[in-house]
Amino acid sequence: MLAAAAAGGPAAGASEQGGGRFSVLSWEQLQRLDQILGEAVPIHGRGNFPTLSVRPRTIVQVVRSRLEKKGIAVHNVRLNGSAASHVLHQDSGLGYKDLDLIFGVDLKSEDVFQLVKDVVMDCLLDFLPEGVNKDKITPMTLKEAYVQKLVKVCNETDRWSLISLSNNSGKNVELKFVDSLRRQFEFSVDSFQIILDSLLLFGECSENPMAENFHPTVTGESMYGDFEEAMDHLRNRVIATRNPEEIRGGGLLKYCNLLVRGFKPKSEVDMKALQRYMCSRFFIDFSDIGEQQRKLECYLQSHFVGMESKRYDYLMTLHRVVNESTVCLMGHERRQTLNLIAMLAVRVLAEQNIIPTVTNVTCYYQPAPYVSEINFNYYVTHVQPFLPCNQSYPTWLPCN
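Predicted model only: the values in this text are computed from it and were never measured.

Attention shifts here to the overall build of the protein. Broken down by element type, the protein carries twelve helices and 15 strands. Taken across its 400 residues, the protein has 50% of its residues classed as buried. In the protein, the proportion of contacts linking residues at least 24 apart, taken out of those at least 6 apart, comes to 70%. For the protein, the exposed area adds up to about 19400 Å²; of that, 49% sits on carbon and sulfur atoms.

Pasting the structure below:
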């Protein structure tokens, strides 16, 4: 579904199209979109590789052009996720971290997947500053230097790949190449996609800059279904979703993040039921305690840049939800996960200099039923030494 490349006439407010899924961006929204696409984003290199400073608009244009030269048609390009939500409503409370760019392509074979990756690596090579000797730099070297994450999914319902470019502040540029993707959102407030084709074409063809009475028609779509309903949720900070069991991780971590940011469930009763599905899917996807720890640590690092003080509240919210709504785990597994979340919360407080120096923390709780030793009545969990501080920690966390 492409936006019309109209280079004239104002988009006065949001007009709906196509059964409520689509809406035309207003002039104010279009200005925010143009600003995001025009601001240079640093792509940090590892080791001695230099930082690349590239505008998202340039990345899209170069990648698209290279793909089409290789015979891979790009049906459309979209801005997705929190950045799209920020464009549509600046004061949503979500902010935006990653720049998610979706390229609609046909991924019919393994060769096409590989070709897409090679094209992106070639583009990174071209983005290197002048004076860098590019002759001996291989695609593998570029991947190790600039790619934060590389994902390929190919099954009956989903065919897509993701190349996430590194940014030390967590504001990664994520290039997603999608043939088919069954589930394209977690919650209504992050379900928006903005189709960029008309804006990009305007920039290439028009000799005059955009103005309120002279600009392209740019269309947004809500993958949740009803655009105006999703916008109402975004404006009023409402949490709404459906079938969270379809989401990898169940949307559990994002749900707790929304709660900490002041979002409220559309229906408390319905959301209590959905919480059980979120927890069940999370523990299906991350069944091992080591996987859970890595996932939580990564989430805390990447989603609370500039909001480090919120991490403790986030972990306590997650602890409460898991404690209330987990029905799929055995008792000792549930206690193990709750203990992990509590330990991370203590660590967060230590990093903020809120608790005194300790070398280990003892969490008391009942052992698993299979423990037969009479004197075995607690676990001791050792952690890294905490930072010194002069403040006291008011209460210890209960470990159920």
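Scanning the model with the defined rule gives 18 salt bridges in all. With a shortest N-O distance of 3.2 Å, R183 and E246 are connected by a salt bridge. You can see R183 sitting in the loop between β9 (173-180) and β10 (192-195) and its partner E246 sitting in the loop between β12 (238-239) and α8 (252-260), a full 63 residues away along the chain. Between K254 and D190 there is a salt bridge, and its shortest N-O distance comes to 2.8 Å. Separated by 64 residues along the polypeptide, K254 in helix α8 and D190 in the loop between β9 and β10 bring together distant segments of the chain. Assessed through its relative accessible area of 9%, D190 is described here as buried. One salt-bridge network, in which partners are shared between bridges, spans R21, R78 and E221.

Turning next to the packing of aromatic side chains. What the rule picks out here adds up to eleven aromatic pairs. Plain terms: the ring middles of F49 and Y146 are 5.8 Å apart, the flat faces sit at 80° to each other, and that makes the pair edge-to-face. Of this pair, F49 sits in the loop between β3 (41-43) and β4 (52-54) while Y146 is found in helix α5 (residues 139-146), placing the two residues 97 residues apart along the sequence. A residue is classified by how much of its surface remains accessible, and Y146, at 0% relative accessible area, is buried. Grouping aromatic residues by their ring pairs yields a cluster made of F282, F283 and F286. If you follow K152 out to its NZ or CZ, it ends over the ring of F113, 5.5 Å from the centre.

At a closest axis distance of 8 Å, the pairing of helix α1 (residues 27-38) and helix α3 (residues 81-88) adopts a crossing angle of 140°. Between α1 and α3, the interaxial angle falls into the category oblique. Residues Q29, R32, L33 and I36 of α1 lie in contact with α3, whose contacting residues are A83, H86, V87 and L88. Here the contact of α1 with α3 is built from residues that sort into five nonpolar, two polar and one charged.

As for its position among the elements, S164 is in strand β8 (residues 159-165). A polar contact of 3.3 Å, which involves the side chain of S164, links it to the side chain of E174. Each residue touching S164, except ones within four places of it in the same chain, is listed here: Y146, V147, Q148, K149, N172, V173 and E174.

Another aspect to go through is the nonpolar core. In this structure, L33, L79, F103, L175, F177 and I194 are the most contacted members of the largest nonpolar core, which totals 99 residues. Residue contributions to this core peak at ten residues, all from helix α4 (residues 110-127). What F103 contacts, discounting residues up to four positions off in sequence, is V60, V63, R64, V74, N76, V77, L175, K176, F177 and V178. Membership of the second largest hydrophobic core comes to six residues, among which are I102, V153, W160 and L181.

Another aspect to go through is empty space enclosed by the protein. Taken as a whole and assessed by the stated rule, the structure comprises one cavity of 30 Å³ or more. In this model, the largest cavity occupies a volume close to 30 Å³. Every residue along the wall of the largest cavity is listed here: L252, L253, F282, F283, Q292, L296, L318, V322, T337 and I341. Of all the secondary-structure elements, those providing two or more residues to the lining of the largest cavity are α8, α9 (268-285), α10 (289-303), α11 (311-325) and α12 (331-351). Residues belonging to the lining of the largest cavity are distributed by class as follows: eight nonpolar, two polar and no charged.

Moving on, we come to the confidence of the model for the protein. Counting all residues, the mean pLDDT for the protein is 86, and 84% of those residues have values of 70 or more. Confidence drops under pLDDT 50 across residues 1-18; counting only partners more than four residues distant or on other chains, this segment forms 50 contacts. Here residues 364-400 scores under 50 on pLDDT; set against residues more than four positions off or in separate chains, the count is 74 contacts.

Where burial is concerned, the two faces of strand β11 (residues 219-222) agree: the one with T219 and E221 and the one with G220 and S222 are both buried. Alignment of β10 against β11, held across three bridges, turns out to be antiparallel. Pairing of Q193 across the sheet is with E221, part of β11.

Thresholds applied
Residues numbered from 1 in each chain as written. Predicted model: local features only at pLDDT ≥ 70, side-chain atom pairs only at ≥ 80, totals over all residues. Heavy atoms only, no water. Helix = DSSP H or I, 4+ residues; strand = E, 2+ residues; numbered from the N terminus. Buried < 20%, exposed > 50% of the residue type's maximum accessible area, 1.4 Å probe, protein only. Contact = heavy atoms within 4.5 Å. Areas by Shrake-Rupley, 256 points an atom, 1.4 Å probe, with all protein chains shown as cover. Salt bridge = Lys/Arg side-chain N within 4 Å of Asp/Glu carboxyl O. Phe/Tyr/Trp six-rings, centres within 6.5 Å; stacked < 30°, edge-to-face > 60°. Lys NZ or Arg CZ within 6 Å of the ring centre and 35° of its normal. Axes fitted to C-alpha atoms, helices over the stretch in contact; angles between N-to-C directions. Parallel < 35°, antiparallel > 145°, perpendicular 65-115°, else oblique. Nonpolar A, V, L, I, M, F, W, Y, C, P; charged D, E, K, R; others polar. Polar contact = N/O pair within 3.5 Å; in protein donor to acceptor, adjacent residues only side chain to side chain. Core = buried A, V, L, I, M, F, W, Y, C linked by side-chain atoms within 4.5 Å. 1 Å grid on protein atoms, 1.4 Å probe; cavity = no way out; pocket = protein on both sides within 12 Å on 5 of 7 lines; lining within 4 Å. Points joined across faces, edges and corners; volume = space filled by probe spheres on them. pLDDT = per-residue confidence, 0-100. Pairing = 2+ DSSP bridges.

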